[in-house]
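# Notes for the structure review
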Amino acid sequence: MTRSETLYQEAVTKIPGGVNSPVRAFGSVGMTPRFIASAQGAYLTDVDGIRYLDYIGSWGPMILGHAVPFVLEKVQEACQKGLSFGAATEAEVEMAQLICEMVPSVEMVRMVNSGTEAVMSAVRVARGYTGRNKIIKFEGCYHGHSDAMLVKAGSGVMTAGVPDSAGVPKGCTQDTLLCAYNDIKGVEALFDACGDEIAAVIVEPVGANMGVVEPADGFLERLRSLCTENGSVLVFDEVITGFRLAKAGAQEYYGVEADLTTYGKIIGGGMPVGAYGGKKEIMEVVAPVGSVYQAGTLSGNPVAMAAGLAQLTYLNEHPEIYQKLTKLGEMLYGGLRTLCKEHHLPCQVNAVGSLGCLFFTSEPVTDYTSAKRSNTKAFTKYFRYMLEHGIYLAPSQFEAMFLSAAHTKENVQKTLDLIQGYFA
Ligand code: KE4
């Protein structure tokens, strides 16, 4: 037995599914998950000493690659001063100032500890600010596991085959209205029906939890105008796209500003950090200034701030990173498209910048329903082949590939050659 297999056998006796987050269980690909021992640059090494080229990057945070020396130094420095104070620190002020500098639509920001917490808080703030209850979300978009958001969510919920989670009382989701991603007519109909009750529209500006699904032309712009016309809050969930698609994320990439934005992943540099922020007028409803309560013992933790600040500062000072990521993305996803064409493969490639996804379906993928048409058995065969050849992909058809600044053209070429070999 491999060490991963031994560890997994032990893990399942003490941790549900042997993992601390469902998608890590490799359930949808029916394999033993690889237990990772260390990571460096674009590579992971598992407990059996096997090295993988990593296209997950911890699901997005590791945009500069793993174990980046200057990030580690800042974290180690912070550790020497103590791990947590539960009090205000200078690093939190620096982080808030940096985020507001990098994202024009964010005038005030509150740190939390995960993307889920960021979304849960932003939804509460939108409701508190507008005095309304209804929230529009899109099928296949995953906004973390807070009750109100677990309605036709994406990511692990899709692979877990649990469209709505058990344990979520009807009362928690009765005000969550659903639309298909890119279905602007559906959104307009909801606003016609109850626009004055809609507190917010929350959307992944690029769907990355049903595989990658791009916004149709005009989709984000129309969400913007509908929210403005109806006094609703437009929430961009940029937990994945934030600081990845551009310095100011999808808002810069598509030129559409949100009223509130949620963050996670990259903002923590690999440490548990989330944040939500936006217009001052909205954020001032948050306690202790306003009446919307939200709190957290480890929010703005000094060690986590050190990691996040190091990574975000580097991105802020090296915007050329985004050109590099775009070029690598064009090489990888463009190369995949060429392979699909040359080999007449029943596949689709959706990609935005460094995010991308190979869908095993001959139909274009524009929303949850079309994503679900993918042949997950064919994906599983492909996933296993790639893993056996040292390429670590997300163990689900309904996730994204993440490139980092540590990936090289040679890495991408090797990946394309392997995939060509697989399909030949
Ligand atoms: P966390 O609570 O996992 O930090 O963030 C939740 C979240 C919110 N919004 C978006 C757009 C997200 O993608 C996520 C989390 N993403 C998944 C990957 N698809 C995290 C991986 C996991 O669940 O283990």
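Before going into details, it helps to say that this report is about the structure given with it. Keep in mind the model is a prediction, meaning the values are calculated, not measured. (Residues numbered from 1 in each chain as written. Predicted model: local features only at pLDDT ≥ 70, side-chain atom pairs only at ≥ 80, totals over all residues. Heavy atoms only, no water.)

## Concerning the sheet that holds strand β14 (residues 401-402)
Let me state the cut-off plainly: When DSSP finds at least two bridges between two strands, those strands are taken to pair. Numbering of helices and strands starts at the N terminus; helices are DSSP runs of H or I of at least 4 residues and strands are runs of E of at least 2. Note on definitions: a residue-residue contact is assigned when non-hydrogen atoms from the two residues lie within 4.5 Å. Structural elements are reduced to axes, namely lines fitted to C-alpha atoms, with helices fitted over the stretch in contact, and the angle between N-to-C directions of any two is expressed from 0 to 180 degrees.
Taken in spatial order, the three strands make up an open sheet running β11-β12-β14, and their pairing is antiparallel. In the strand order of this sheet, the two ends are held by β11 (348-352) and β14, each with one partner. Seen against the sheet, helix α12 (residues 320-342) touches β11, β12 (355-359) and β14 and runs at an angle of roughly 165 degrees to β11.

## Points about the state of the cysteines
The line we're drawing: The term disulfide is used for any two cysteine sulfur atoms that are within 2.5 Å. Any residue under 20% of the maximum accessible area for its type is buried, any over 50% is exposed, and the rest in between are partly exposed; the area is computed with a 1.4 Å probe on protein chains only.
Under the defined criterion, the tally for this structure stands at zero disulfides. Unpaired in terms of disulfides, C194 finds its nearest cysteine sulfur in C179, a separation of 10 Å. For C194, a relative accessible area of 10% corresponds to the buried category. In this model C347 remains outside any disulfide bridge; the closest cysteine sulfur is found in C340, 4.7 Å from its own. The buried category is assigned to C347, whose relative accessible area is 8%.

## Focus on the site of the ligand
The line we're drawing: Nearness is defined per residue: one heavy atom within 4 Å of the molecule or strand is enough. For this analysis, a polar contact is any N or O atom pair within 3.5 Å, provided that within protein one partner can donate a hydrogen and the other can accept it, and provided that sequence-adjacent residues contribute only side-chain to side-chain pairs. Computed with a 1.4 Å probe, the accessible areas rest on the Shrake-Rupley method; for each residue, only the protein chains presented here act as cover.
Around the ligand, the structure places 17 residues, and the nearest of them are S21, T116, N209, D237 and E399. Here a nitrogen atom of the ligand and a side-chain polar atom of E399 are 2.7 Å apart. Burial of the ligand by the protein amounts to 87% of the accessible area it has alone, namely 540 Å².

## Some thoughts on helix α15 (residues 409-423)
Here is the rule: The length a helix should cover is 1.5 Å for every residue beyond the first.
For α15, which comprises 15 residues, the first-to-last C-alpha distance of 21 Å matches the rise-based estimate of 21 Å (1.5 Å per residue) to within 8%. Residues of α15 that are buried in the fold lie against β2 (43-46), β3 (51-54), α12, β12, α14 (376-388) and β13 (391-392).

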